[in-house]
Amino acid sequence: MKLYSTNNPDLSVDFPTAVFNSMPLDRGLYMPLHIPELDQEFIDNIDKFSFSQIAYKVASVLLKDSIPLEDLQAIIDDAINFEAPVVELDPETYVLELFHGPSLAFKDFGARFMSRIMAYFLKDNEKMLDVLVATSGDTGGAVALGFLGVPNTRVTILYPKGKVSEIQEQQLCTNGLNIQAIEVDGTFDDCQALVKQAFADQDLNNRLRLTSANSINISRLIPQIFYYFNAYAQIKRRGKEELIFSVPSGNFGNIGAGLLAYKMGLPVKQFIAATNVNDTVPRFLQTGIYEPRTSVQTYANAMDVGAPSNWVRIMDLFKNDEAALKKVVQSQSYTDEQTLQAIKDIFEAYGYVACPHTAIAWLALKAYQKSNPGSVGIFLSTAHPCKFPDVFPKEIEVEVPEQVKNMASKQKCATVMDNNFESFKTYLINY
Ligand SMILES: *Cc1c(COP(=O)(O)O)cnc(C)c1O
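A brief structural summary. (Residues numbered from 1 in each chain as written. Predicted model: local features only at pLDDT ≥ 70, side-chain atom pairs only at ≥ 80, totals over all residues. Heavy atoms only, no water.)

A few points about the site of the ligand
In step 1: Taken together, 15 residues surround the ligand, and among them Lys107, Asp138, Gly250, Asn251 and Thr382 come closest.
In step 2: Within the backbone of Gly253, one N or O atom sits 3.1 Å away from an oxygen atom of the ligand.
In step 3: Within the complex, the protein chains bury 96% of what would otherwise be the 380 Å² of accessible surface of the ligand.
In step 4: The class makeup of the residues in the shell around the ligand is 6 nonpolar, 7 polar and 2 charged. (Near = heavy atom within 4 Å. Polar contact = N/O pair within 3.5 Å; in protein donor to acceptor, adjacent residues only side chain to side chain. Areas by Shrake-Rupley, 256 points an atom, 1.4 Å probe, with all protein chains shown as cover. Nonpolar A, V, L, I, M, F, W, Y, C, P; charged D, E, K, R; others polar.)

Structure follows, in structure tokens:
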């Protein structure tokens, strides 16, 4: 796989370079030079294949020049060791559950695959890889659990004090081994600024081999393509063919992976990007003006993004042709009040407990079905509801999975730090 930069079509780097750099120096994003299509016979018979076989097929057409196929198979089997079931709520409404991994959010797919890809490309005797990640909640947990115990890597997570949920904090702070957490007396933006400053610090870069694990890394997107194809297989087994995906969106990586699947031949009729009031994309699709804004805090806080970092990838996939894009992607935004009401409505109608992000995707799917009666749709559930306990009204009981209960008894270990770069730098050097 060769990749170019969205800011420079003439650039061409190999896959390991894109993985370790995350972002080209020109501050564009890496995109595959060539997006291969799956053969029609495979797509027509996809219902006969398991998730693991589908993942392998997708990965092999993308990466066959970059990783020997048996190694690729081993990486996939190790990284994607949990299911992504499509659950029927009614004959027109299906939910794709992406929260069955260790951190209970879809980011496990990306983080687990990326960690193994990085470990694979690290040569023996190479300097240890220092992964820095700022998190507002979900990313940190997925990256921590994704890299836990991966040889020759060390992960440092910065999170804002008092601004992540209890379960999220446990996922960040109870790992030990090669994972360390820093509780920053500041906001998520402060955490992100500290990480950015570390990447820009020449002295620190001479001492340590720093890399980032954020969602713009191309190796996080690739494994997300797998579950779109696998959702199709599951729908087909139920005798349905139509594919409408409603995707709760923040940085637009998840839906970006869906659009990559579409370009690889997945017969999707419609994508719906569902957002909270951070509505940069829905506004753009309505007005044609792309105007990022400072993010606003909502119940669906993993989507509190005012300047979605993967949006340039999506524009690039459609060669910046707005009309072509709008045929495949629509977008809707919802308020906190609507989100809360949706959580109640889904529970009342189906006895199903949806996290706030998931509820927003359901709302957008319902709105689409209202103007397109009879259509069958899938909305993506990006996290287990127990990660957002404060949002739910008392009458809705949220089940807590066993793995979470086990975590609660573990010792929390985090370094408390002021929002100060020199302290952070000293910590990284001396730890
Ligand atoms: C990260 C996240 C999202 C947003 O996904 P993007 O790929 O950034 O659009 C949605 N829901 C949950 C629960 C998340 O953790």
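Moving on from the coordinates now.
Re the packing of aromatic side chains
In step 1: Within this structure, the stated rule accounts for 17 aromatic pairs.
In step 2: Both rings, one in Phe284 and one in Trp311, keep their centres 6.0 Å apart while their planes meet at 75°; by these two values the pair is edge-to-face. Placement of Phe284 in helix H12 (residues 280–287) and of Trp311 in helix H13 (residues 311–317) is noted, with a sequence separation of 27 residues between them. We note that Phe284, like Trp311, is buried.
In step 3: The structure contains a cluster of three or more aromatic residues connected by ring pairs, namely Phe51, Phe82, Phe109, Tyr227, Tyr228, Phe245, Tyr262 and Phe271. (Phe/Tyr/Trp six-rings, centres within 6.5 Å; stacked < 30°, edge-to-face > 60°. Helix = DSSP H or I, 4+ residues; strand = E, 2+ residues; numbered from the N terminus. Buried < 20%, exposed > 50% of the residue type's maximum accessible area, 1.4 Å probe, protein only.)

Thoughts on the sheet that holds strand S4 (residues 86–90)
In step 1: Strand order across the open sheet formed by 6 strands is S4-S5-S13-S10-S11-S12, with mixed pairing between neighbours. A strand with exactly one partner marks an edge of an open sheet, and here the two such strands are S4 and strand S12 (329–333). Pairwise comparison of adjacent strand axes, ignoring direction, gives a mean angle of 25° for this sheet.
In step 2: Both strand S10 (residues 244–248) and strand S13 (residues 377–381) contribute to a ladder of 2 bridges, which runs parallel. (Pairing = 2+ DSSP bridges. Axes fitted to C-alpha atoms, helices over the stretch in contact; angles between N-to-C directions.)

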